[in-house]
Amino acid sequence: LHKSLVSPLADNPVKPEPEYELPACYKHTPQRLQPGYLTKFKEETLFYMFYSMPQDEAQLIATDELSSRGWWFHKRYKLWMIHAPNTAVHKSPRGERGSYLVFDPAVWEVVPKSDLEILYEDIEQPPRLPRPKHLQVRH
């Protein structure tokens, strides 16, 4: 009676739910992301993972991969940066001044920034997660 009774005020019984069989391909457990697994991903995908998955393991692994590619996160600006190719960098004990490529999440692209002063204390230390030997990047 309870499966067919919608309400004392309803004229029609509830329609029975159809029987569904979950396909076997949906019943597997996906592999966990591992450090080094993202080496084949484009940087734009890594930035998407970083900005869209806060406080998730995927964010940490994307951070590790971006760091292994030479990017670093500026804590005060909240932006990812890398040295601009073929440009001079003037270093001091506290930081450096030069031209950089900056990933700007507001426009979702890498933009050049010239004559920026970067203090080393403002750079987030990379996580440096352990990687399987066959996925390690050689510098």
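Refer to the structure above for everything that follows.
A few points on the structure. (Residues numbered from 1 in each chain as written. Predicted model: local features only at pLDDT ≥ 70, side-chain atom pairs only at ≥ 80, totals over all residues. Heavy atoms only, no water.)

1. Some remarks on the pairing of strand β4 (residues 95–104)
Okay, so step 1: Where burial is concerned, most of β4 is hidden: 7 out of the 10 residues are buried.
Okay, so step 2: The pairing of strand β2 (residues 79–83) with β4 spans 4 bridges and is classified as antiparallel. Within the sheet, the bridge partner assigned to H83 lies in β4 and is Y100.
Okay, so step 3: Where strand β3 (residues 89–91) lies against β4, 3 bridges are found, and the strand directions are antiparallel. (Buried < 20%, exposed > 50% of the residue type's maximum accessible area, 1.4 Å probe, protein only. Helix = DSSP H or I, 4+ residues; strand = E, 2+ residues; numbered from the N terminus. Pairing = 2+ DSSP bridges.)

2. Here we look at the environment of I118
Okay, so step 1: Residue placement: I118 occurs in strand β5 (residues 109–119).
Okay, so step 2: With relative accessibility at 1%, the residue I118 sits in the buried group.
Okay, so step 3: What I118 contacts, discounting residues up to four positions off in sequence, is W72, H74, Y77, M81, R94, G95, E96, Y100 and I123. (Contact = heavy atoms within 4.5 Å.)

3. Some words on the pairing of β2
The side chains of a regular strand alternate, residue by residue, between the two faces of the sheet.
Okay, so step 1: Note that strand β1 (residues 72–74) and β2 share 3 bridges and pair antiparallel. Looking at β2, one finds that H74 is bridged to L79.
Okay, so step 2: Linking β1 back to β2 in an antiparallel pair, the connection comprises 4 residues, with K78 at a positive phi of about 60 degrees.

4. Quick look at the nonpolar core
Okay, so step 1: Core analysis: the largest hydrophobic core is formed by 14 residues, its most contacted members being L38, L46, F47, M49, L66, W71 and W80.
Okay, so step 2: Mapped onto this core, the elements with two or more residues apiece are α1 (43–52), α2 (57–68) and β2.
Okay, so step 3: Leave out the neighbours within four places in its chain, and M49 touches L33, L38, F41, A58, Q59 and A62.
Okay, so step 4: In this structure, W72, Y100, L116 and I123 belong to the second largest nonpolar core, which totals 8 residues. (Core = buried A, V, L, I, M, F, W, Y, C linked by side-chain atoms within 4.5 Å.)

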